Amino acid sequence: MSKQHPRIMREKRTIDAMVHIYCRVHHQTSGDLCPGCTEFLSYAFMRLDKCPFQEEKSTCGKCLVHCYQPQMREKAKEVMRYSGPRMLWHSPGLALRHAFDGRRKPQTLE
């Protein structure tokens, strides 16, 4: 297994925090995620592992290559729409880095 780039590791921490915020409120969990959110988080991690852009990536929402299945993409939008604004309170460092990463120009496959 190859070593992951810090950019991908940070993106995983960010999506993990967002899913936990979402699941805690929408599925009344405390600590552990519900089965549906666990499945979504595993899927998101797998997609990040396979991202062709790795350290050069923008945020997934700005990416020109949509690698999520349509159902999972809708789940990601739902989670991020709810959790994004709340990230400033729960994880301000990750929120600010995610906002900064979102300003990067999206890469294209050549």
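Treat the numbers as computed from the prediction; the structure is a model and nothing was measured.

1. Examining the confidence of the model for the protein
And then number 1: In the predicted model, the protein carries a mean pLDDT of 86, and the fraction of residues at 70 or more is 92%.
And then number 2: Within the protein, no element has a lower average pLDDT than helix α4 (residues 92-101), which sits at 81, and none a higher one than helix α2 (residues 35-49), at 96.

2. Notes on the packing of helix α1 (residues 6-26) against α4
And then number 1: Between α1 and α4, the shortest axis-to-axis distance is 10 Å and the interhelical angle comes to 120°. As summarised for this structure, α1 and α4 are arranged oblique, according to the angle between their axes. Both α1 and α4 take part in a crossing whose hand is left-handed. For the pair formed by α1 and α4, the contact residues are Arg-7, Arg-10, Glu-11, Arg-13, Thr-14, Ala-17 and Met-18 on the first element and Leu-94, Arg-97, His-98 and Asp-101 on the second.

3. So, the nonpolar core
And then number 1: Formed by 24 residues in total, the largest nonpolar core has its most connected members in Ile-15, Val-19, Cys-37, Phe-40, Tyr-68 and Met-87.
And then number 2: Of all elements in the fold, only α1, α2, α3 (70-90) and α4 reach the threshold of two or more residues within this core.
And then number 3: Broken down by element, this core gets its largest block of residues, 8 residues, from α1.
And then number 4: Ignoring any residue separated from it by four or fewer positions in sequence, one finds Phe-40 in contact with Ile-15, Val-19, Tyr-68, Met-72, Lys-75, Ala-76 and Val-79.

4. Side note on the packing of aromatic side chains
And then number 1: A complete count under the given rule lists 2 aromatic pairs for this structure.
And then number 2: With a centroid separation of 6.2 Å and an interplanar angle of 75°, the aromatic rings of Tyr-22 and Tyr-82 are classed as edge-to-face. Of this pair, Tyr-22 sits in helix α1 while Tyr-82 sits in helix α3, and the two are 60 residues apart along the sequence. The residues Tyr-22 and Tyr-82 share a single accessibility class, namely buried.
And then number 3: Geometrically, the ring pair formed by Tyr-43 and Tyr-68 is edge-to-face, given 5.3 Å between the ring centres and 90° between the ring planes. Here Tyr-68 lies in the loop between α2 and α3 and Tyr-43 lies in helix α2, a separation of 25 residues in the sequence.
And then number 4: Taking the relative accessible area as the measure of exposure, Tyr-43 reaches 11% and is therefore buried.
And then number 5: Look at Tyr-68 and you get buried, because its relative accessible area is 15%.
And then number 6: Over the aromatic face of Phe-45 sits the side chain of Lys-12, whose NZ or CZ is 5.4 Å from the ring centroid.
And then number 7: Cation over ring: Arg-86 sits above Tyr-82, and NZ or CZ is 3.7 Å from the ring centre.

Calculation notes
Residues numbered from 1 in each chain as written. Predicted model: local features only at pLDDT ≥ 70, side-chain atom pairs only at ≥ 80, totals over all residues. Heavy atoms only, no water. pLDDT = per-residue confidence, 0-100. Helix = DSSP H or I, 4+ residues; strand = E, 2+ residues; numbered from the N terminus. Axes fitted to C-alpha atoms, helices over the stretch in contact; angles between N-to-C directions. Parallel < 35°, antiparallel > 145°, perpendicular 65-115°, else oblique. Left-handed = near helix turned anticlockwise from the far one by under 90°. Contact = heavy atoms within 4.5 Å. Core = buried A, V, L, I, M, F, W, Y, C linked by side-chain atoms within 4.5 Å. Buried < 20%, exposed > 50% of the residue type's maximum accessible area, 1.4 Å probe, protein only. Phe/Tyr/Trp six-rings, centres within 6.5 Å; stacked < 30°, edge-to-face > 60°. Lys NZ or Arg CZ within 6 Å of the ring centre and 35° of its normal.

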